[in-house]
Amino acid sequence: MKPPVFDYRAPVSVEETQQALAEYQADGKLLAGGQSLVPMLNMRLARPAVLIDINRVTELAFVRADDGGLTIGALTRQQALLEHPTVQERWPLLAEATRHIGHRTIRNRGTVGGSLAHADPAAELPAVMLALDAVVTVSSTRGERQIPARDFVVDYLTTALEPTELLRSVWVPALPPRTGWAFQEVSRRHGDFALVAVAALVTLDAAGVCTDARLVLTGVGPTPVPVDLRQTLIGAAPSPAAVAAAAEAAQAAVDPPSDVHAPAEYRRHLARVLARRALTTAIERAGGTE
Amino acid sequence: MAEPATTRPKWIGQSMKRVEDPRFLRGKGRYIDDIRLPNMAVAAILRSPHAHARIVRIDTSAAERLPGVYAVVTGQDVRARMAPLPTFAVGPIYQDLLAVEKVRHVGEAVAAVVAENRYIAEDACELIEVEYEPLPPVVDPFAAMEPGAPLVHEALGSNVAYQRTFTFGDFDRDFNEADHIVRAKLRWPRSSGMPMETNGAIGDYDEGTGILTIYANSMNFTYFQWLIATSLKIPASKLRVVPINAGGSFGSKFFMHKVPTLAGFLSMVAGRPVKFVEDRIDHILNNDHCGSDRYYDVALAVDRDGTMRALQIKVVDDYGAYLQFGTGTHGNALAQVVGPYRIPSVQYELTAVLTNKNQQGAYRGFGSEVNNWVLERMVDFAARELGLDPVAIRRKNFIRPEQFPYRTPTGNIYDSGNYEGVLDKALALAEYDRWVAERERARQEGRYLGIGIVTAQERSVFSSTEFWFWFDQPGFPVTSSPESATVTIDPTGKFIVTLHSLAFWGNSPETVATQVVAEQFDIDPADVVVTYAASQRALPGTGPGGSRFTVMVTGALVGASGRLKEKIKKIAAHRLEVSPEDLEFHQGSVRVKGSPERALTLSEIALSAYMFKLDLPEDVESGLEASYTFDHPYTTLPSPDRKDLGVFYPFMGHACHIAVVEVDPETGQFTWHKYAAVADAGTVVNPMTLDGHLTGGTAQGLGTALYEEYVYDDRGQMLTASFMDYLVPTAMEVPRIDIDHQETPSPYTPYGIKGAGEGGRMMAPGVITAALEDALAPLGVRITELPITPAKLVRWIAEAKARGQAPTA
Ligand SMILES: Cc1cc2nc3c(=O)[nH]c(=O)nc-3n(C[C@H](O)[C@H](O)[C@H](O)COP(=O)(O)OP(=O)(O)OC[C@H]3O[C@@H](n4cnc5c(N)ncnc54)[C@H](O)[C@@H]3O)c2cc1C
């Protein structure tokens, strides 16, 4: 379990990083927290010719909030994100979901950008960013572009990033008032990747009518799966029947894999159970009664 | 041997802090990977990607050309220079250090590279070209028994390595007379001891003297070291195995011979010291010590009132590709096959099958943990089928205190016990009645709260007959399983204890030795230093397996101390001009009974023993050192017809564990309410370290029951070769464990001690299974296999509901 030979670069700025990426193209690989990449190197599943270590690019480690939303630098450690008071107060869904990433020691190293760029099919952050309608900012020597979270993860461990692009930051819009949230996850052990996890957001108007609702599942296929709730929850005051229908829709939307930890059938079952529970909690937190 | 002191012990029974802790907790322990010899190279292994394949050709030339590579060896080199590895198997089931001609499981070692460092060694492994001709794999043990199945060992002519039925007592009568037969098919899957530190060794061959030194974190280096020498075709006298602290074993390093043999062989080939330390994938794919992998068909004959009459066990065990310990893990189970119950007769049919998987070996419990789980399952099924209370049916069948020593149907003796005492303590500790009431309340509220209870045996101190009584004509009917100790008092009066064949493996050998010696001489434990003999200087020993360390080393230390005390008394008597019988040991000195002012300190005596020969009685040699080899105190031979297996595991511990859980039937997840454990290991030497053992063992048992499994797919590919997929419970998964002890001393051991190293793992699988099943009892779920995963629970609930709704015929 030792990696093959690679070269090592340690840029100290975004600009230098972009230049290194441009120089090495597909032969270069960014190293952030290393919590996914280093095991892959050691198992010789990844064989980059050059590692470009961005841990000294401190300008990428920040969390900034304003009225419009939250901007998270790619090098922000996952533990720093979940401990951030503004995040806990205004985006509790994000804090709660991040708490489910591995253990504290892993979150102390693992970064927000690394988690999104790696796009593990059971990762929490790509799913939650999708639920939150986040926008990812990426850049290269050719300039900068924005990618909505829903277009970011394109397939199993594959994102819209070009090999020469650096994930810079992710922007999360402010949540409307009377928005409830919930995050539900089942894993084999504490800190394991999710067998299934569900992020839910429900917004009610003053009359208790659901004006917006989002449900995203992870662990159920190559990419996070959003569930369309327009037919079930949105447009009426939520009822148990509507929640049950939404949970059925969640189950119908997924085509999960089987592996040593759980058969597809169990994951499909969990999709419905966790969707129901998450939506129920989110509605309660939004001030609705269900 | 000397009698232990009859007065109340001063150090035995104390929760003395571990003397090992200060160095290990500060990271100063020195494990195998901390050791670097001058000029040392490092090895890596190329492993088979196939479950079953013929090796057509191996081309190592590209690997050999890589700068930094010193040597590349394959099965051909092994065949040319070495003998096959040791085995207890009877029949042509040979295992080579590196596969020769064919590979028999995924991960089997095919070639080894010696290089400047592990990075280069792994690079070189990638450059070795192996041409395989894949053969059809045999994965399922039942398919393996079919006629025409591909053969794992062609020379054997069959994949069935062993099959025989043993009958103990008047089985037919008891079985046929009983009112009711409880039947179940049970499945115990393969898991493995998973120490934090993998197996590692450094070979250092001295071309000048021809002496091969092997540093290894193995546990067993005097009992079997001549076997390693035999494999290497060198005289045993020229092999020196140096024990290195092991970062955990759990049985997995008990007979850890492949890694030291490999390091030794590579050092001889490469002409320099060679270190090989398994990485986790090496360890999981090819360790010597997977646990049992069994399919049971069991029948328990009972009367309507719950009286147990007879037990029939038919078991198929999937041993994988080799049979290192023969079928010893079933011998072990037969030591306590009837548990704590008065079951007068037993029939045991064993079929040992070979498949294309890693081999089995020793794992905490050594097969008895499986039997405990099976028997306790059967008792619960009996209670349910007869409408009896699970506590009551156990109580009714317990062997009674006045029946000890109790001869079980297989011939093994249970030395002593008080099972109701343990049960009552456990019920109190767990607040059993309160939880029964709580369960009723929960059920009314539609919650699924369950209580599990097991009352089971923990045999200790194995004797080696269990490895061969299987055969009428055993190849090697060994009957010795001794342990030795040396006690030295240096010229300043300080103590040095030397342990033989008893390396440090994560628990407390030095603490135990220190307590016993402090007890024997009435000295300050701080004055004792413990060391470990290297094999060339070591006295006979067997190694820490089968919960034998504490009992056996105490016996050896009591013996050695007795010899040394005699000599000290002789010297003191001479100098104080009294007779030796008038002397007693008191707080670091020897004094005259009744006149305490007439005394000599041990330092004074030691100095004279080393430096003042003319002050000693004439027949006393200079120096203060004594050794003692303590043989197993109670072993008898099996009868020739094998209806009586003899006494081979007589020091019988007992425990009752109780667990309370609550299941979320929608997700299959559960939460802990309570875990209580009461153990009876005879006289307790150190309650604190025993609690640690029990806690760790319980955690491992929960791992086996809930998380861990070696999964092979139907092509024999191993799907759980890393900690991503082989799930070991962490602190987060293990509940708080409330512990209490009862002490029923053994009449046959020093101080009445019984072994207790495996207890937690012997009980936990049973109790968590019972608790989960009890929680889901209202739904009619019956649990017959491990591991119990949330996915399975959800499936069983759905199946039970479907059964419940199906119209009854
Ligand atoms: C025991 C364990 C348990 C874990 N459990 C979980 C879990 O439950 N949930 C979960 O989501 N994750 C889990 N992880 C993974 C962990 O969260 C990783 O931190 C995360 O997946 C990757 O982040 P990283 O910063 O470590 O990235 P790295 O491992 O350094 O990199 C991962 C990939 O992202 C790329 N990358 C990194 N940063 C950038 C960037 N700024 N721009 C472009 N590409 C970039 C790298 O090139 C690489 O391909 C676990 C890891 C371990 C070891």
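As the structure is a computational prediction, the values presented were derived from the model and not from experiment.

Undergrad: Help me understand the overall build of chain B, please; the structure alone is not making it clear to me.
TA: A tally of helices and strands in chain B yields 20 helices and 28 strands. Referenced to the eigenvectors of the C-alpha coordinate spread, the extents of chain B come out at roughly 95 × 75 × 50 Å. A buried classification covers 65% of the 809 residues belonging to chain B. Put simply, 80% of the contacts in chain B that link residues at least 6 apart link residues at least 24 apart. Approximately 28,300 Å² of chain B is accessible, and the part contributed by carbon and sulfur atoms is 51%. For chain B, the distance from the average site of its 78 positive side-chain charges to the average site of its 99 negative ones is 1 Å.

Undergrad: Honestly, the sheet that holds strand 2 (residues 28-31) of chain A in this entry has me stumped. Any pointers?
TA: Either a parallel or an antiparallel arrangement is found when strands of a sheet pair, and the pairing is made through backbone hydrogen bonds. Residues and elements named next belong to chain A. If you walk across this open sheet you meet the 3 strands as 1-3-2, and the pairing is parallel. In this open sheet, the two edge strands, each paired with only one partner strand, are strand 1 (7-9) and strand 2. For this sheet, the mean inter-axis angle between neighbouring strands, taken without regard to orientation, is 25°. Both strand 1 and strand 3 (residues 50-53) contribute to a ladder of 3 bridges, which runs parallel. Within the sheet, the bridge partner assigned to Asp7 lies in strand 3 and is Val50. Relative to the sheet, helix 1 (residues 14-24) contacts strand 1, strand 2 and strand 3, its axis offset from that of strand 3 by approximately 170°.

Undergrad: What's the story with the sheet that holds strand 13 (residues 294-302) of chain B in this structure? I'm lost.
TA: Residues and elements named next belong to chain B. A sheet is described by the order of its strands in space; here 5 strands give the open sequence 7-15-14-13-8, paired in mixed fashion. If you trace the sheet from one side to the other, it starts and ends with strand 7 (160-168) and strand 8 (180-188), each paired once. Strand-to-strand twist across the sheet, computed as the mean angle between neighbouring axes with direction ignored, equals 10°. Where strand 13 lies against strand 14 (residues 308-318), 9 bridges are found, and the strand directions are antiparallel. Note on strand 14: the bridge partner recorded for Val298 is Ile313.

Undergrad: Can you help me understand the interface of chain A and chain B in this one?
TA: With 27 residues of chain A in contact, the opposing surface of chain B contributes 32 residues. Linking chain A with chain B are 7 salt bridges, by the criterion used here. With a closest N to O distance of 4.0 Å, B:Glu122 and A:Arg44 form a salt bridge. There are 17 residue pairs in polar contact (both at pLDDT 80 or more) connecting chain A and chain B. At 8 residues, the largest contribution of residues to the side of chain A that touches chain B is made by helix 11 (residues 264-285) of chain A. Considering only residue class, the side of chain A that touches chain B consists of 14 nonpolar, 4 polar and 9 charged.

Undergrad: Would you take a moment to explain the site of the ligand for this structure?
TA: All names here are of chain A. As a structural note, the neighbourhood of the ligand is formed by 30 residues, with Leu30, Gly34, Leu37, Thr111 and Glu124 the closest of them. Taking Leu30, its main chain carries an N or O atom lying 2.5 Å from an oxygen atom of the ligand. The backbone of Leu37 places a nitrogen or oxygen atom 2.7 Å from an oxygen atom of the ligand. Contact with the protein chains hides 89% of the accessible area of the ligand, taken as 970 Å² for the molecule alone.

Undergrad: Where do I start with helix 10 (residues 240-253) of chain A in this structure?
TA: Note: α-helices contain 3.6 residues per turn, so residues at a spacing of three or four share the same orientation. All names here are of chain A. Across its 14 residues, helix 10 extends 20 Å between first and last C-alpha, which sits within 8% of the 20 Å expected from 1.5 Å per residue. The set of residues buried in helix 10 consists of Ala242, Val243, Ala246, Ala247, Ala250 and Gln251. On its buried side, helix 10 packs onto strand 13 (210-218), strand 14 (225-227) and helix 11.

Undergrad: Would you take a moment to explain the domain arrangement of chain B for this structure?
TA: A common way to report how large an interface is uses the accessible area buried once the components associate. All names here are of chain B. As far as domains go, chain B holds domain 1 (21-28 + 482-630) and domain 2 (398-462 + 649-802). Computed over C-alpha atoms, the centres of domain 1 and domain 2 are 39 Å apart. Taken together, the contact pairs 18 residues of domain 1 with 19 residues of domain 2. Summed over both partners, the interface of domain 1 with domain 2 comes to about 1,300 Å²; 66% of that surface belongs to carbon and sulfur atoms. It is Gly546, Ser547 and Val551 that lose the most area in domain 1 upon contact with domain 2, and together they represent 39% of the buried surface on that side.

Undergrad: Sorry if this is basic, but what is going on with the domain arrangement of chain A here?
TA: Residues and elements named next belong to chain A. Once the domains are mapped, chain A shows domain 1 (7-53), domain 2 (63-173) and domain 3 (179-286). With 14 residues of domain 1 at the interface, the matching set in domain 2 holds 15 residues. Roughly 1,100 Å² is buried in total at the junction of domain 1 and domain 2, and carbon and sulfur atoms are behind 69% of that figure. In terms of surface lost to domain 2, no three residues of domain 1 exceed Gln18, Leu21 and Gln35, which account for 40% of the buried area on that side. Counting across the interface, domain 1 meets domain 2 through 0 salt bridges. Counting across the interface, domain 1 meets domain 2 through 2 residue pairs in polar contact (both at pLDDT 80 or more). Among the elements that make up the side of domain 1 that touches domain 2, the one with the highest residue count is helix 1 (6 residues). When its residues are assigned to classes, the side of domain 1 that touches domain 2 shows 7 nonpolar, 7 polar and no charged.

Here is what the cut-offs are and how they apply
Residues numbered from 1 in each chain as written. Chains lettered and ligands numbered in written order. Predicted model: local features only at pLDDT ≥ 70, side-chain atom pairs only at ≥ 80, totals over all residues. Heavy atoms only, no water. Helix = DSSP H or I, 4+ residues; strand = E, 2+ residues; numbered from the N terminus. Buried < 20%, exposed > 50% of the residue type's maximum accessible area, 1.4 Å probe, protein only. Contact = heavy atoms within 4.5 Å. Areas by Shrake-Rupley, 256 points an atom, 1.4 Å probe, with all protein chains shown as cover. Lys, Arg positive; Asp, Glu negative; His and termini not counted. Charge placed at Lys NZ, Arg CZ, Asp CG, Glu CD. Pairing = 2+ DSSP bridges. Axes fitted to C-alpha atoms, helices over the stretch in contact; angles between N-to-C directions. Salt bridge = Lys/Arg side-chain N within 4 Å of Asp/Glu carboxyl O. Polar contact = N/O pair within 3.5 Å; in protein donor to acceptor, adjacent residues only side chain to side chain. Nonpolar A, V, L, I, M, F, W, Y, C, P; charged D, E, K, R; others polar. Near = heavy atom within 4 Å. Expected span 1.5 Å × (residues − 1). Domains from an automatic or database assignment. Buried area = accessible area lost by both parts, 1.4 Å probe.

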